[in-house]
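# Examining the three-dimensional arrangement
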Amino acid sequence: MKRALLTVLSVVALAAAACSSAPSDGKEAAGLTSPAKKELAQQIVATAENGTLDWRSAYGYIEDIGDGQGYTAGIIGFCTGTHDLLTLVERYTEEHPGNGLARYLPALRAVDGTDSHEGLDPGFTAAWKAEAERPGFRAAQDAKRDAEYFGPAVRRAERDGLSALGQFIYYDAMVYHGPGDGATSFGGIRAAALKRADAPAGGGDEEKYLAAFLDVRRKAMNELHPTHDTSRVTVQRRFLDEGNLDLETPLEWEMYGTPYKVA
């Protein structure tokens, strides 16, 4: 699946939410399922997907970024060409009949798997933005993200014995590449990485395994979109090189030339 270089805001953003450092009570460091780390994960992804740390401002985001996947929209870039936007609207319509997007379902089904806007223009983008003002549609986007991207990525990372950073690396790869076993999908990238290095659950060194995963992922990104910036991989490798396996804050990084900081 996913994703391309988006128009980035030229601003240095400061996050309001902070993540605690390694626990001092002897407990294991928190993974991405902890509220603070999950918030941090959404912030980092949003800098790549939407050019902002304020991921909640992206529910109404929608544009065609020219990556061959039609309209990219919402908090993690659901696409009209990659099936997830269609199923999001279908499920939302089951729970909220007569919503402002329901009338576009026939067109969404027709363009699924393509980059076409046929039947969507000129009103679909305005309808998406209007619906994104409703709490129910925001909740539907959250649920879709957690059920198909965040949850599966984190659970797979936990089974592989990965830290918070490893869990985030899996999550961001799932968002950009989508689930599946193809060479450029999350499952294919993981399988290729495991041929280069063992995951911690298999007795391997986590840093070596994550380095292999990022190498394979960058190659997959270049195969999908040869001209696209791979800053999101560069950022993750920087955290890895710094040994920040627990994603401790403060964090500073640069995405597509724009600096960000979570204090």
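Check the entry above for the structure.
Let me sum up the structure you'll find in this document. (Residues numbered from 1 in each chain as written. Predicted model: local features only at pLDDT ≥ 70, side-chain atom pairs only at ≥ 80, totals over all residues. Heavy atoms only, no water.)

## Concerning the overall build of the protein chain
Looking only at helices and strands, the protein chain has nine helices and six strands in total. Across the 263 residues in the protein chain, those meeting the buried criterion constitute 53%. The contacts in the protein chain between residues at least 6 apart in sequence include a share of 63% that link residues at least 24 apart. (Helix = DSSP H or I, 4+ residues; strand = E, 2+ residues; numbered from the N terminus. Buried < 20%, exposed > 50% of the residue type's maximum accessible area, 1.4 Å probe, protein only. Contact = heavy atoms within 4.5 Å.)

## A short note on the sheet that holds strand β4 (residues 78-79)
Across the sheet, three strands lie side by side as β2-β3-β4; this open sheet has antiparallel pairing. The open sheet has two edge strands, β2 (62-64) and β4, and neither has a second partner. With two bridges connecting them, strand β3 (residues 71-73) and β4 associate as antiparallel partners. Residue pairing for β4: alanine 73 is matched across the bridge by phenylalanine 78. In the packing of helix α4 (residues 124-131) onto the sheet, the strands contacted are β2 and β3, and the crossing angle to β2 comes to about 155 degrees. (Pairing = 2+ DSSP bridges. Axes fitted to C-alpha atoms, helices over the stretch in contact; angles between N-to-C directions.)

## Comments concerning the pattern of salt bridges
According to the stated counting rule, one finds 16 salt bridges in the structure shown. The partner of glutamate 49 in a salt bridge is arginine 232, with the nearest N and O atoms 3.1 Å apart. One end of the pair, glutamate 49, is in helix α1 (residues 35-49); the other, arginine 232, is in helix α9 (residues 231-241), and 183 residues separate them in sequence. Of the two residues, glutamate 49 and arginine 232, neither departs from the other in class, the shared state being buried. Residue glutamate 131 pairs with arginine 134 through a salt bridge whose shortest N-O separation is 3.5 Å. With relative accessibility at 4%, the residue glutamate 131 sits in the buried group. A network of salt bridges, in which partner residues are shared, links Lys38, Asp142, Arg145 and Asp146. (Salt bridge = Lys/Arg side-chain N within 4 Å of Asp/Glu carboxyl O.)

## A closer look at the side chain of arginine 190
Relative to the helices and strands, arginine 190 is located in helix α7 (residues 186-196). The exposure class assigned to arginine 190 is buried, which follows from its relative accessible area of 18%. Discounting chain neighbours no more than four positions away, the residues touching arginine 190 are Arg156, Asp160, Tyr170, Tyr209 and Phe213.

## Quick notes on the pairing of strand β5 (residues 251-255)
What you see with β5 is a clean split: Leu251, Trp253 and Met255 sit on the buried side and Glu252 and Glu254 on the side with no burial. When β5 meets strand β6 (residues 258-262), the two strands line up antiparallel, connected through five bridges. Residue glutamate 252 lies in a different strand from β6, and its bridge partner there is lysine 261. Linking β5 to β6, which pair antiparallel, is a turn of two residues; within it tyrosine 256 sits at a positive phi near 55 degrees.

## Here we look at the nonpolar core
Ranked by internal contacts, the top residues of the largest apolar core, which has 75 residues, are Phe124, Trp128, Tyr171, Tyr209, Phe213, Leu247 and Trp253. The element that contributes the greatest number of residues to this core is helix α6 (residues 164-177), accounting for ten residues. When residues no more than four places from it in sequence are discounted, the contact partners of phenylalanine 213 are Ile169, Tyr170, Ala173, Phe186, Ile189, Arg190 and Ala193. (Core = buried A, V, L, I, M, F, W, Y, C linked by side-chain atoms within 4.5 Å.)

## Some thoughts on the packing of helix α5 (residues 135-159) against α6
In the contact formed by α5 and α6, the axes pass within 8 Å of each other and the chain directions differ by 140 degrees. The orientation of α5 relative to α6 falls into the category oblique. Our pair here, α5 against α6, has a crossing hand that is right-handed. Counting all contacts with α5, which are made through Arg145, Glu148, Tyr149, Phe150, Pro152, Ala153, Val154, Arg156, Ala157 and Glu158, the residues of α6 involved are Gly166, Gln167, Tyr170, Tyr171, Met174 and Val175. Tallied by class, residues from the contact of α5 with α6 come to ten nonpolar, two polar and four charged. (Parallel < 35°, antiparallel > 145°, perpendicular 65-115°, else oblique. Left-handed = near helix turned anticlockwise from the far one by under 90°. Nonpolar A, V, L, I, M, F, W, Y, C, P; charged D, E, K, R; others polar.)

## Here we look at α7
Within the span of α7, buried status applies to Phe186, Gly187, Gly188, Ile189, Arg190 and Ala193. On its buried face, α7 sits against α5, α6 and α8 (206-224).

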